Every structure is written in structure tokens, then in C-alpha cells.
Amino acid sequence: MKPVNQKAWLLVLPVVLCVAFSAILPLMTVVNYSVQDIISPERRVFVGTEWFKAVMRDDDLQGALLRQISFSLAVLAVEIPLGIALALSMPAKGWQASAVLVLVAISLLIPWNVVGTIWQIYGRTDIGLLGAALARLGFDYSYTGNATHAWLTVLVMDVWHWTPLVALLCYAGLRAIPDAYYQAASIDGASKFAVFRYIQLPKLRGVLMIAVLLRFMDSFMIYTEPFVLTGGGPGNATTFLSQYLTQKAVGQFDLGPAAAFSLIYFLIILLLCFILYNWMQRVGTQDKPESGHG
Amino acid sequence: MARIELDLAHAYKPNPRRDEDYALLPLKMAFDDGGAYALLGPSGCGKTTLLNIVSGLVRPSQGRVLFDGVDVTGQTPQQRNIAQVFQFPVIYDTMTVAENLAFPLRNRGVPADRIAARVGRVAEMLELSGQLERRAAGLAADAKQKISLGRGLVREDVSAVLFDEPLTVIDPHLKWQLRRKLKQIHHDLKLTLIYVTHDQVEALTFAEQVVVMTRGRAVQIGSASDLFERPQHTFVGHFIGSPGMNFLRATVVDGEIEVAGRRVAAAGAALVALDAITLGVRPEYVTLADAGAPGAVPAVVTQAQDIGTYWLVTGRLGEANGAEGALVRARLAPNQAIPKAGDAAWFGIVGPHTCYYRDEQRIEGAVA
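The rules behind these values
Residues numbered from 1 in each chain as written. Chains lettered and ligands numbered in written order. Predicted model: local features only at pLDDT ≥ 70, side-chain atom pairs only at ≥ 80, totals over all residues. Helix = DSSP H or I, 4+ residues; strand = E, 2+ residues; numbered from the N terminus. Rg over C-alpha atoms; globule rule 2.2 N^0.38 Å. Buried ≥ 20, exposed ≤ 12 C-beta atoms within 10 Å, placed from the backbone. Contact = placed C-beta atoms within 7 Å. Expected span 1.5 Å × (residues − 1). Nonpolar A, V, L, I, M, F, W, Y, C, P; charged D, E, K, R; others polar. Pairing = 2+ DSSP bridges. pLDDT = per-residue confidence, 0-100. Axes fitted to C-alpha atoms, helices over the stretch in contact; angles between N-to-C directions. Core = buried A, V, L, I, M, F, W, Y, C linked by C-beta atoms within 7 Å.

Enquirer: Sorry if this is basic, but what is going on with the overall build of chain A here?
Expert: Of the regular secondary structure elements, chain A holds 13 helices and 2 strands. Its C-alpha radius of gyration of 24 Å places chain A more than 25% over the 19 Å reference for a compact globule of 294 residues. On the principal axes, the C-alpha backbone points of chain A span a range of 80 × 80 × 45 Å. Looking at the 294 residues of chain A, the share that counts as buried comes to 28%. The contacts of chain A with a sequence gap of at least 6 include a subset with a gap of at least 24, amounting to 70%.

Below, the structure is given as C-alpha cells:
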């Protein structure tokens, strides 16, 4: 048998310490809160899974969760195709390529709360370019009064803010495809669409997976922009999960339910990412089932 | 199928002035229908450019390309009906092997039953029949390269199949198999094949005619034995063979050829008017000679290596004025006394296989 050097554990120790202080201990605090009813620092009652049950039955939370899921799906449905289309139409080389890259990246450099502020002004019907233009065209546009308008404005804002990320990732993926593929496709007589369908899209699979996961996670945790733009309203039309959570934890100081809900929130993201990742890994790499001929 | 004629030059830069600005210097060349050709030369000699001009991926900056007498200079590879296999295998990842092979036909709107028949035939020829339903992305490099080739062969009316160093990523023991497969396909289908490589063994075993290229120029077109026995250009002598040809400075004095201060042969009519020339002799044809023998020069052996089936002996000639002369390499059969390093020896350098050059070009009728 090989001799085992137990001192090797010391090498792992720094990482364990870092992770403990940055992730495990805070998470355990949350777990601690989620199973107790803390009335005052001296008086606390162990309540078991009581908070979890209460939170799961909460109508407001269910509403926020549904809104959140539909929002994230809408974000993916718009930003991914739009990002691919943008990347395909960006110039491949020369000074135009550099210029376009900088232009496209600008919105990524703006802080979240500034994005919210920009759109808050942009959408105002008295002084905002978008709002005033829509009003002039005869639309009764109001992101503060109309729930649908508010929801759409938040979506468009997110598309404006984050589609460039998808575009940049796809652009990098496209540039990594060797010329020989395009040459072979031209020799094989492939149409433009066939080149996209059989060369570009399959070669983008890796970066698209990253793009989908990033955009899904980020949009699922969206907080600052709608908070600045609409404050979650009108009503709670744009109250997404993280805002609901903040209201509970910081606004009402309901630490128990907030902690229970944090854990559920965390598990939902983990689960959905796991499903997405596995699905994308599998699509396009699976062998087709054996068919009759051949 | 087509006879391909080229009369062109190509520069990637606009407004080329000097020779160095050209990727391909003006050249005139024809590839016969059904021939197997190789373009051989070191990296950057213009062979891939020439291939891409034939296929239509690159448009020559001057001149034209004719297929069976028809000017196709402005046509795309698809219009020319060319097939090309690249250095790295190009396959469509999401498709099965069968779908990959069918792709060029599907794009051209061929009916499904004809496609199936054709794919079956090509797969059989390339020994891919057992893998038709497998996803092409999961196969080994040699199978992928066969698929690339198959996509070219699947079109019955293809004008020519072009190969751009197709065996670069293939394991050595499979290279040999694939090369044999190519020869067999050439034999069976009588297609025009043009094969780019920097490996002389690959070129000489594959092709009937080898085009040797250097610095944008096609310096000789010929069979393996032409290139070996009668290199028209010193580059060919140097590039083909292992080691390459020996080149020795020579002068013509009183109607005789003088090397390293010794008169080795009588100069032919073509040489009499010249004074400085170059004598070229392959190491295979250099012999050990007796001291003072005609056509031999004295040298000091600097190295003698046993290469297994032969000895490689290197000697340095002495010039008449006592200065150090050129090196001569000889491939000697092991059944004779091999001189050791430091020995004095005489090398026979003149024989029926000795060539003479001026300005890097071979001179015909050099010996009386």
C-alpha cells in the first residue's frame, strides 16, 4: 500500500477557511434563522419547518415566483436570439470591429442603479425621450400606472443592459471557427442558413451555454434596476423574488420567514441551473437512436 | 472532370512591384484530366495559394483559370464543382456520418433515393459503412478526414479533388493506409487529384507528376525519377532526396570543368562560353575513388555515420589555393572499406548522373 501523507490536508486548509468564512458560516446563520422564531436577542423559539411551510403557502411569494420565472424566460427568449443576431452582424476585422465592440460593451459598464435611473428618466412622458415619443404617438404609456407597461419596461431595460454580454460571448465564439469550415461549406454548396444551422450554431454551443446560465441566474436575482425604476410597482407587478425577500428581511424584519425563503430561493436557482446545464450538455451531442437502414 | 489550365500570378497586396510582393509569380501550367498531381514545397512557397486558386477560394490578381478551355476565373468553388479536403478535418458536428456525406447532394436538390444510393457507395469505398448512423463528431481524426473526402467523392461529376496537407493530423500508421486508399480511389474513379504537401515522401509516392515550388515559383514539374535524376533547378536537387544534392563550385578552363583545382571532365558545347558554373551530384552517385582517378576530387573525411542500410560519409574538399572548400556527402554501401573521420579520401563526382547549373538552372548538353 502507498504511504499516506496526512500533512497534505494542511494544503487544503486555506481554501476551507476562506470558503467557511465567505459561504458556509453565513449560510449556516441563515439556516439557523430559518428554524427559529426570534422575538428578541434573548428570547428565541425553535419552530422546526414552520417557516418553510408558511412561506410556501404565501400567496405573495407564489405570485413573485411566477412573475420571476416568466420574466427570466422572457429575458432568455429575447436576449439569446438577439445576441446571436447582433454577433452575426458585427464586422469581423478592421477598425470597424474594434469600434463596434466598444460601442456594444458600453451598456455593460454602467452600474445597475444608474441603469435604473437612466430608464426612469427615459420612460417619463414629460421629459423622457422614450416616454414622450410614445405619448406623442398616441400611446397611453405609463410605467408607473400600468402593470403591463411596467413589466415590459423592466424587460426592455434588461434587454438593453445585458444583450451585449450575449453578443460579445457569441462574437468570440464565432471568431474561433476556423476558415476551413466556411470554405468547406461553400464547396458543399451550403446556403447561408445551412452555414448558420450546421456550422455556426453548433460551434457556439459552449458559449451559448455560458450565456444562458449567466443570463438566467442574473435575471433570476434581478433587484436594483426594477427597484430604482418602479420600486416593485404598480401594485406588485414588478416585485420579483429578491425584492420580495428584501421587503421581508429588511423592511419588516421577519428574519425567520426571510431566511426560510432565502434557502428555498437558493435551491430553486441551483435546481434550475442544474436542469438547464444538463439539458444543454445533452442537446446536440447525443447519438441518434439506431434507425432501420444503415 | 476537367483539364485544368492556369496562366496567372497572384499577390495578396495591392500593386505588387518586386518579386517578393507576389505569393505566386507568373506561371503557366496544366493539370491533365484524371492525373494525380502533388504540389510540393516548404511552408510559405505558395502551394496552398495555388490550390485555393484552382478551387476558387482565392481569385488570382492577374491571369485566368481554365477548366476544359472554359474561363472559370470568376466562378465560386461550387460553380466549378470542386471538392477540397483541408488540413484539419471539417465535419458537421450535429450530423451523422450519413448526413455529412449526403450534405453536398441535399444542398443541390438531388432526390432522396439517389442520395441514399450514392452515400452507400461512397461509404463502402471509404470503409465507413459500419458507422453511417453514428454522430460524426465522436469519430477519430482519420475517420473524420475520410468523411471530408467522402463529401467530395459523393458528387459524381466533381471536376477535381484537391487536398491541402490532408494527413497532417493523422497518426503515422494510419497515414499509410489513407494514402493507399487515395491511390486506389484515383485508380478506380480516374479523378483529377491535386495534393499539397511539404513531405517529399508523401508527394513522390502519391503523385504521377510532382510540382516543386519555392518562393512563389513552380521550379519543376516531373515524375519522381525526373526530380531525382534531372533536377532542373538547384532547389529541386536540394529539397528532394535525403540528404539533398551536393552542389560544388566549378569553373570552365580550357574546355575542361575544374572543381577544387582538379580538372574532372571535358566541358560540352553549352559550357565552353561560360566560366563559373555549379556541379551537382546526388550523394547516391558519389563514389570512393583511387587517388588521382579521373573525375575524382580529394577530400578530408569529417564525419562517417552508419545509417543502417548505408553509410553517410561527409568530406571537405581543399581548394587549389589551400583554402577550405565545400562539403561533399556520399551515401556508400556498407560492403566496402568506409573511411573514418580524419582520413584522406578521393570522391568520384563525375558520372552519367552529374548535372551542371548556372544561375540555379540546369544546363542541357553540359558534358562533351
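Enquirer: Would you mind going over helix H6 (residues 172-189) of chain B with me for this structure?
Expert: Because the α-helix completes a turn every 3.6 residues, residues three or four places apart line up on one side. Counted at 1.5 Å a residue, the expected span for H6 of chain B with its 18 residues is 26 Å, and the 26 Å between its end C-alpha atoms agrees. Lys190 of chain B lies just past H6 of chain B and shows a positive phi near 55 degrees.

Enquirer: Can you help me understand the interface of chain A and chain B in this one?
Expert: Quite often, the size of an interface is put as the accessible area lost when its parts meet. Across the contact, 21 residues belong to chain A and 25 residues belong to chain B. Elements that contribute at least two residues to the side of chain A that touches chain B include exactly helix H8 (179-187) and helix H9 (192-203) of chain A. For the side of chain A that touches chain B, a count of residues per class yields 10 nonpolar, 7 polar and 4 charged.

Enquirer: In this structure, what is going on with the pairing of strand E3 (residues 36-40) of chain B? I would like to understand it.
Expert: Strand residues, when the strand is regular, have side chains that alternate between the two faces of the sheet. All names here are of chain B. Most of E3 is tucked away, with 5 of its 5 residues classed as buried. The two faces of E3 match: Ala36, Ala38 and Leu40 on one face and Tyr37 and Leu39 on the other face are all buried. As defined by bridge partners, E3 adjoins strand E8 (residues 193-197) across 5 bridges and the pair is classed as parallel. Pairing of Leu39 across the sheet is with Val196, part of E8. In the sheet, E3 pairs with strand E9 (residues 209-214) via 4 bridges, with the strands oriented parallel. Residue pairing across strands places Ala38 opposite Val210, the latter belonging to E9.

Enquirer: What exactly am I supposed to notice about the confidence of the model for chain A here?
Expert: Note: predicted coordinates in regions of low pLDDT should not be interpreted at a detailed level. Residues and elements named next belong to chain A. Per-residue confidence for chain A gives a mean pLDDT of 86; residues scoring 70 or more make up 96%. Mean pLDDT values for the elements of chain A range from 81 in strand E1 (residues 36-40) up to 92 in helix H7 (residues 147-175). Taken together, the stretch residues 287-294 has pLDDT below 50 and engages in 10 contacts with residues farther than four places along the chain or on a different chain.

Enquirer: Explain helix H5 (residues 141-153) of chain B here, please?
Expert: Residue and element names in this part refer to chain B. With 13 residues, H5 extends 18 Å from end C-alpha to end C-alpha; this agrees with the ideal 18 Å at 1.5 Å per step. With 10 of its 13 residues buried, H5 lies for the most part within the structure. Along H5, the residues classified as buried are Lys144, Gln145, Lys146, Ile147, Ser148, Leu149, Gly150, Arg151, Gly152 and Leu153. Residues of H5 that are buried in the fold lie against strand E6 (82-85), helix H3 (97-107), helix H4 (112-125), strand E7 (160-164) and H6.

Enquirer: Sorry if this is basic, but what is going on with the sheet that holds strand E1 (residues 4-10) of chain B here?
Expert: Within a sheet, each strand pairs with its neighbour through backbone hydrogen bonds, oriented either parallel or antiparallel. Residues and elements named next belong to chain B. Read across the sheet, 4 strands follow the order E2-E1-E4-E5 without closing on themselves; strand pairing throughout is antiparallel. If you trace the sheet from one side to the other, it starts and ends with strand E2 (24-31) and strand E5 (70-71), each paired once. Bridging between strand E4 (residues 62-67) and E5 involves 2 bridges; their strand directions are antiparallel. Each bridged residue has a counterpart across the sheet, and for Phe67 the counterpart in E5 is Val70. Docked against the sheet, helix H1 (residues 47-55) engages E1, E2 and E4, running at close to 125 degrees with respect to E1.

Enquirer: It is not clear to me how the nonpolar core should be interpreted in this structure. Could you clarify?
Expert: Residue and element names in this part refer to chain B. With 76 residues, the main nonpolar core has Ala38 and Ile194 as its most contacted residues. With 6 residues, H3 is the single largest residue contributor to this core. The residues touching Ile194, leaving out its near neighbours within four places in the chain, are Phe31, Tyr37, Leu39, Leu51, Val54, Ala160 and Leu162. Counting 32 residues, the second-largest nonpolar core is a separate cluster that includes Met245, Ile257, Val259 and Ala296.

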